[in-house]
Amino acid sequence: MAPGEKIKAKIKKNLPVTGPQAPTIKELMRWYCLNTNTHGCRRIVVSRGRLRRLLWIGFTLTAVALILWQCALLVFSFYTVSVSIKVHFRKLDFPAVTICNINPYKYSTVRHLLADLEQETREALKSLYGFPESRKRREAESWSSISEGKQPRFSHRIPLLIFDQDEKGKARDFFTGRKRKVGGSIIHKASNVMHIESKQVVGFQLCSNDTSDCATYTFSSGINAIQEWYKLHYMNIMAQVPLEKKINMSYSAEELLVTCFFDGVSCDARNFTLFHHPMHGNCYTFNNRENETILSTSMGGSEYGLQVILYINEEEYNPFLVSSTGAKVIIHRQDEYPFVEDVGTEIETAMVTSIGMHLTESFKLSEPYSQCTEDGSDVPIRNIYNAAYSLQICLHSCFQTKMVEKCGCAQYSQPLPPAANYCNYQQHPNWMYCYYQLHRAFVQEELGCQSVCKEACSFKEWTLTTSLAQWPSVVSEKWLLPVLTWDQGRQVNKKLNKTDLAKLLIFYKDLNQRSIMESPANSIEMLLSNFGGQLGLWMSCSVVCVIEIIEVFFIDFFSIIARRQWQKAKEWWARKQAPPCPEAPCSPQGQDNPALDIDDDLPTFNSALHLPPALGTQVPGTPPPKYNTLRLERAFSNQLTDTQMLDEL
């Protein structure tokens, strides 16, 4: 072998060669791990300890496996060109339907309880407008039980007053005709039934128990004032009647329902559940939760819903309590309380009312996304209704609870709280003033009910489309009314006419159910993805890089600080335990020679020349080299054998 090749081979053997020219696979992998930008590989090589190396090997292999798995899914998804179509039909649960007659009780059964009140109401109408209320069937009735000279009981308790616009602060009593001063606050209530132009304003005055604080309520129409005055006394009278007696005075299911069909199948009163409402009497709920199974429908259209014909019986209507004829219907869930007076839909007589439904189901997220409640358990208001939680139930329960606390009795149109009684004159003479003041505070959101009650997170809502048509027609009523009269012969002892009947159709317009569901805009996955995107974009960082940062700046950093503190503690303890030097101060070993003083800054070449020699040492004398021996004529000028030596020049 030539001398030059031999020297090259020797140099190559002794010097560390890295990179693709590494002699072994181990060296190649070591070089790659030390120089690659891939996180994790370098930590496998530079980590100290077998446990750390095993952990980093596990992290790196896991990351590689996840990458391969995700890439495989992406490739399979890219090359998948097939599609799948699923078509299915399903039934929709039919909602609960509650039907009430607008007139709560048959007039013939409650007339004896309201005789005095109606007589005073007639006198008020005669005094205000100069004519008494009259109807044919009541002209034949005898009013012998009411004497003309009898002192008016209801007007004395709550006097009806006429306010003249020219005389402020004074009012004239309806019955006595005397003028009286009116003090306190005057609250004007807008007309909601009808309006009659008049220069006079009608109202009534309510006072507290000590009659020192009074409030006068005026109305733009005398009709509204008289109806409101009548309603207050009506609630006071009916609050003292037992529930069983009121149920018997109202309409039975057989009287209210003439015919019934659901989904093309006949139904009857047995498919309806009694629900007694204080202001609407006996109401009946179809497809209630008390039934064994909840009915459903598989088709849309009027032929596949609920069809009923109702007997309204206009002659049994109370003339002062209600001013319209018909029925009220409300569509709700099976576990929901039917608020007939709030959201009920009125049905006209001599008409067919078609109600098409479209179901919308909403799901909202609770805290921290919104202030809704799942079941009302986190709302500090007791549910006095035997139904699932809703915002209306919470508001009415809150008002009824405040009514019991402030006035000592419960309002008649709402359910009774535990250990409470309905308000009446005998036990609470001035409950009306308290009720009006409390209701005014509730409307102005001064009771705090609106701030405490929360909306339900999940609820169903039926969007209704109502259409009307005359029923029965002129040509069909000739045979339809006699047939219905014959069908109702057991319950009705008279010939029916079209003003006593109302037809109702309730159905799904289609079976498309709309669901509105809330989802968090920022989930944990989105948060981690956003963090990863920002770290990868600006710092070329990954999950493994984050683990490296945690290891270096948290584990290693604090371990170094802990070792230093432990070393200082050991040195302090050693100095404390060492015996003191009596003759001379002890100096650490190696500090006798001032030349060996350790400085924080390393010496430079010039400063090192000026350092004094160590004590007791002698610099050996070394002759200068012969520089001519270093000069070669020509390196590797001739081919030399392995044993041949070069001569000196």
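Residues numbered from 1 in each chain as written. Predicted model: local features only at pLDDT ≥ 70, side-chain atom pairs only at ≥ 80, totals over all residues. Heavy atoms only, no water.

Some points on the overall build of the protein chain
Reasoning step 1: Regarding its fold elements, the protein chain presents 18 helices and 20 strands.
Reasoning step 2: Put simply, the protein chain has 649 residues, and 36% of those count as buried.
Reasoning step 3: Look at the contacts in the protein chain between residues 6 or more apart in sequence, and 72% of them connect residues 24 or more apart.
Reasoning step 4: When the accessible area of the protein chain is evaluated, it comes to approximately 42,400 Å², of which 56% is carbon and sulfur surface. (Helix = DSSP H or I, 4+ residues; strand = E, 2+ residues; numbered from the N terminus. Buried < 20%, exposed > 50% of the residue type's maximum accessible area, 1.4 Å probe, protein only. Contact = heavy atoms within 4.5 Å. Areas by Shrake-Rupley, 256 points an atom, 1.4 Å probe, with all protein chains shown as cover.)

Let's talk about the environment of Leu243
Reasoning step 1: Mapped onto the elements, Leu243 comes out in helix α9 (residues 243-249).
Reasoning step 2: A sequence separation of 33 residues divides Leu243 from His276, and the C-alpha atoms of the two residues are 8.8 Å apart.

Some details on helix α15 (residues 477-487)
Reasoning step 1: Turning to α15, its buried residues are Glu477, Leu480, Leu481, Leu484 and Thr485. Angularly, the buried residues of α15 cover 130° about the axis, an arc narrow enough to put them on a single face. Opposite the buried face of α15, at more than 90 degrees from it, the exposed residues are Lys478, Trp479 and Trp486.
Reasoning step 2: Buried residues along α15 sit in contact with β9 (257-262), β14 (306-311) and β19 (501-508). (Arc of directions from axis to C-beta.)

Some points on unusual backbone geometry
Reasoning step 1: A cis geometry characterises the amide bond from Glu367 onward to Pro368, with omega recorded as 10°.
Reasoning step 2: Following the sequence through the fold, Pro368 ends up in the loop between β17 (351-363) and α12 (391-407).
Reasoning step 3: The residue after Trp471, namely Pro472, is reached through a cis peptide bond having omega -15°.
Reasoning step 4: In this structure, Asn287 takes a positive phi of about 60° despite not being glycine.

A few points about the pattern of salt bridges
Reasoning step 1: Enumeration according to the criterion identifies seven salt bridges in this entry.
Reasoning step 2: A salt bridge links Glu367 to Lys454; its shortest N-O distance comes to 3.6 Å. Highlighted residues: Glu367 in the loop between β17 and α12 and Lys454 in the loop between α14 (449-452) and β18 (458-470), separated in sequence by 87 residues.
Reasoning step 3: The exposure class assigned to Glu367 is partly exposed, which follows from its relative accessible area of 48%. (Salt bridge = Lys/Arg side-chain N within 4 Å of Asp/Glu carboxyl O.)

Observations concerning the state of the cysteines
Reasoning step 1: Counted under the stated rule, the structure contains seven disulfides.
Reasoning step 2: A sulfur-sulfur distance of 2.0 Å marks the disulfide that ties Cys394 to Cys453. Because the sign of the S-S torsion sets the handedness, a value of about -85° for the bond joining Cys394 and Cys453 places this disulfide among the left-handed ones. Residue Cys394 is located in helix α12, and its partner Cys453 is located in the loop between α14 and β18; the two are separated by 59 residues in the primary sequence. In terms of burial, Cys394 and Cys453 fall into one category: buried.
Reasoning step 3: Two residues share a disulfide in this structure: Cys409 and Cys423, whose sulfurs sit 1.9 Å from each other. Given an S-S torsion of about 95°, the disulfide between Cys409 and Cys423 has right-handed geometry. Placement of Cys409 in the loop between α12 and α13 (431-443) and of Cys423 in the loop between α12 and α13 is noted, with a sequence separation of 14 residues between them.
Reasoning step 4: Cys423 sits in the buried class, given a relative accessible area of 3%. (Disulfide = S-S within 2.5 Å.)

Some points on a positive patch on the surface
Reasoning step 1: On the surface, a cluster of positive charge is made up of Arg48, Arg563, Arg564 and Lys568.
Reasoning step 2: Its place among the elements puts Arg563 in helix α17 (residues 543-577).
Reasoning step 3: The exposure class of Arg563 is exposed, given its relative accessible area of 53%. (Patch = residues over 30% accessible without salt bridge, like charges linked within 9 Å, V, L, I, M, F, W, Y side chains within 5 Å. Lys, Arg positive; Asp, Glu negative; His and termini not counted. Charge placed at Lys NZ, Arg CZ, Asp CG, Glu CD.)

Describing the pairing of strand β4 (residues 170-173)
On a regular strand, one side chain projects to one face of the sheet and the next to the other, so that they alternate.
Reasoning step 1: Only one face of β4 is buried, namely the one carrying Ala171 and Asp173, since none of Lys170 and Arg172 on the opposite face is buried.
Reasoning step 2: By the bridge criterion, three bridges tie β4 to strand β5 (residues 179-181) in an arrangement that is antiparallel. Looking at β5, one finds that Ala171 is bridged to Arg180. (Pairing = 2+ DSSP bridges.)

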